[in-house]
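Residue-level listing of the chains:
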Number of protein chains: 2
Amino acid sequence: MIKYLVTVILCLALTGVKAQVATGPAPKNIQSPQVSKDGMVTFRFLAPNAQKVMLIMDDLKPRPMVKDTGGVWSFSANFAPDIYRYTFSVDGNVLPDPNNPYIKPLFKRALAQSLAYVPGPAELSWELKDVPHGVLSQHFFRSKIVGDDRDMRVYTPPGYDPKRKEPYPVLYLFHGLTDETSAWVTAGRENIIMDNLIAEGKAKPMIIINTLGYGAPEMFEPGTGQRTKEAYKKNEELFMAELFKEAIPMVEKLYNVGKTKKYRAVAGLSMGGAQTLDAGLNNPDVFDYVGSFSPAIILLDPDLDKAFPNLNESVNKKLKLVWIGIGKDDYLAPALRKYVDWLKTKNIKFQYKETEGVHSYQVWRRYLTEFAPLLFK
Amino acid sequence: MIKYLVTVILCLALTGVKAQVATGPAPKNIQSPQVSKDGMVTFRFLAPNAQKVMLIMDDLKPRPMVKDTGGVWSFSANFAPDIYRYTFSVDGNVLPDPNNPYIKPLFKRALAQSLAYVPGPAELSWELKDVPHGVLSQHFFRSKIVGDDRDMRVYTPPGYDPKRKEPYPVLYLFHGLTDETSAWVTAGRENIIMDNLIAEGKAKPMIIINTLGYGAPEMFEPGTGQRTKEAYKKNEELFMAELFKEAIPMVEKLYNVGKTKKYRAVAGLSMGGAQTLDAGLNNPDVFDYVGSFSPAIILLDPDLDKAFPNLNESVNKKLKLVWIGIGKDDYLAPALRKYVDWLKTKNIKFQYKETEGVHSYQVWRRYLTEFAPLLFK
């Protein structure tokens, strides 16, 4: 019996099966996504009895997959060097790719979205290069304001010196709805982008803070969570309170950072882009720089005079930069255009641009690459 | 058109659908795992056309799931408070649970194993409590020895002081085969266990290092990786070189830690348990404490006189503790018993225990809880 067991274990240990010491039956060895040198990407999913399998990518347009005789569904196409978010829709179930460890985790209700990485030239800001790397840290604390146990992620730049005489500047960088605190790292590659920008002398060494962007996290609770209008309102209000009363003071206690507005920037994407406008335009004495990436304006009070009660031309003297961008094919673009028109009626100074792209991290990595060099000059 | 879009977006934003701003079609809202207050756990997976769906847990015994009329497969049973690893086997495809964000990520080839958390009393060492929390950090570097870009994770205890006069002790804590560097955090909850032990005064504040345990990571590469006997040999040799020549020097440069053996402990599970014996017993001038949890002895040279070429009684004076444990139902137990007999023939002093359990983090969380308080006294 022992001999049999040892033989079984040796076979397990010395062959190419997946997760063998721990997981159970060896699944088929399926490679997905398979990326060839010319940018051809093949996505695969094993489901011999499924009737309809589709690939869902950043543009949300379902791409039908085709089944082979072995029960493996696949889709192949050429993709430019970039990082693509995707899931499989399998007879109504939406799944990340079980063969791909590269994911963007989600908050509370769902596992993750998969990420397909198509390597590109070194000019792309998110390509890992042989430059000094910053450190990512994760802090855990109980929020008295929200009433939950949560985390906060911190990027410290290469060679960060807690005793440096000139304190470091800080960029508060917010994630989107359904993301958790790691999203700007996993899909956004903020650490790699900043490492590269700093190595090239394009951006100042700065600290980046990724807070958890929920003031009402219970609305994501499986089974009981309700995403009502009231829940979103509470989410925004308590997130703002948590940011100003807990997160910023904690950062300024734990790290060697400046405690005045010239050392602070705020930016974010989608829900976080709206939170950025709320935090930045409503608190022009706290931040000098505001970067709103594809903001989900609809998550703020639809009565903009209530969402921005004291906003007037006086902020133009206080804020050094208000930067707003969105992909022109983003489904949130029409609402943002209306908001931009409203800002103009208020005589607020800001930079606005529409770029190629949809509602995706492909756009947001590029925006961070463009925005970070404008800060703390 | 704009009005239609705004309406669609508002509906998306204000209802309970999952991942709506980004993911695409709303999947069925399935709760899995659902844990009731009395410990009843229900696992669910939507697959209306699948023919055979099984739940695979730590004991690797497939549990058949049953399909309801809506196409949802489920399995329910009572489970004691703990954290359980599981995947779904769906017509031959092995998947993590798409509705559960709590996972243990895997290295290169596969996404993850899901974790089902059944809360328990505060006495359980891995329960999150309102005590001071340590910080987790992730460092990125190029290994010249292995030739890859890799990471290293660091737990610093609550209130870690880089300038403290007495340097901190360090526990090097190794993961298992197919794990990546976060495994001791996600499934092992090392940070929570240490926070609790330190708060209770049971363990000394210490730093924990989770290195990447692969000297031949290319053997996991999708498509090209081969897990041959030679690859495993290289894996062990280069991991040892990387540990001693890169990882330990880096830790001792970056952190306020002692640089002599009385400040160093090494422990690990499964593959990491074997690596621990290799690192510890073969280098008794480097570490004072050795903890081998359910070691996969089969991954070392089967000729133990070659795997431990200089091992003799002299280590008994050098090592303060050699601690070896395994679950009595672990499939690696028979091989370990033979190894333990061999250690006895060499007159090596060690503690050995067999506990309840299989090859799982349920065992390893308890071992860390028992082992950490024995260190640095």
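All figures in this text were calculated on a predicted structure; none of them were measured in a lab.

Q: Sorry if this is basic, but what is going on with the domain arrangement of chain A here?
A: By a widely used convention, the size of an interface equals the accessible area lost when the partners come together. Residues and elements named next belong to chain A. Looking at the assigned domains, one finds that chain A contains domain 1 (31-118) and domain 2 (135-374). The gap between the C-alpha centroids of domain 1 and domain 2 is 30 Å. Domain 1 puts 16 residues into the contact, and the matching count from domain 2 is 26 residues. Contact between domain 1 and domain 2 buries roughly 1,700 Å² in total, counting both sides, with carbon and sulfur atoms accounting for 53%. When the buried area of domain 1 at its contact with domain 2 is split by residue, Phe-107, Lys-108 and Arg-109 rank highest and sum to 37% of it. Where domain 1 meets domain 2, there are four salt bridges. Residue Asp-179 pairs with Lys-104 through a salt bridge whose shortest N-O separation is 2.4 Å. Run the count over domain 1 and domain 2 and you get 14 residue pairs in polar contact (both at pLDDT 80 or more). Where the side of domain 1 that touches domain 2 is concerned, the elements lending two or more residues are β7 (82-90) and β9 (103-105).

Q: Can you walk me through the packing of helix α3 (residues 190-199) of chain A against helix α9 (residues 361-371) of chain A in this structure?
A: Geometry of a packed helix pair, given as the angle between the helix axes and the separation of the axes. Residues and elements named next belong to chain A. Relative to each other, α3 and α9 sit at 30 degrees, their axes nearing to 10 Å. Seen along the crossing, α3 lies across α9 with a hand that is right-handed. Of the residues in α9, those touching α3 at Glu-190, Ile-193 and Leu-197 are Arg-365, Leu-368 and Thr-369. Residues belonging to the contact of α3 with α9 are distributed by class as follows: three nonpolar, one polar and two charged.

Q: Looking at this structure, how should I read the sheet that holds strand β5 (residues 66-67) of chain A?
A: Strand pairing in a sheet relies on backbone hydrogen bonds. The paired strands run either parallel or antiparallel. Residues and elements named next belong to chain A. The four strands are arranged β1-β2-β6-β5 in an open sheet whose pairing can be described as antiparallel. Each edge of the open sheet is held by one strand with a lone partner, namely β1 (34-35) and β5. Strand direction decides the pairing type here: β1 and strand β2 (residues 40-46), joined by two bridges, are antiparallel. By the bridge assignment, Gln-34 is partnered in β2 with Thr-42.

Procedures and definitions
- Residues numbered from 1 in each chain as written.
- Chains lettered and ligands numbered in written order.
- Predicted model: local features only at pLDDT ≥ 70, side-chain atom pairs only at ≥ 80, totals over all residues.
- Heavy atoms only, no water.
- Domains from an automatic or database assignment.
- Contact = heavy atoms within 4.5 Å.
- Buried area = accessible area lost by both parts, 1.4 Å probe.
- Salt bridge = Lys/Arg side-chain N within 4 Å of Asp/Glu carboxyl O.
- Polar contact = N/O pair within 3.5 Å; in protein donor to acceptor, adjacent residues only side chain to side chain.
- Helix = DSSP H or I, 4+ residues; strand = E, 2+ residues; numbered from the N terminus.
- Axes fitted to C-alpha atoms, helices over the stretch in contact; angles between N-to-C directions.
- Left-handed = near helix turned anticlockwise from the far one by under 90°.
- Nonpolar A, V, L, I, M, F, W, Y, C, P; charged D, E, K, R; others polar.
- Pairing = 2+ DSSP bridges.

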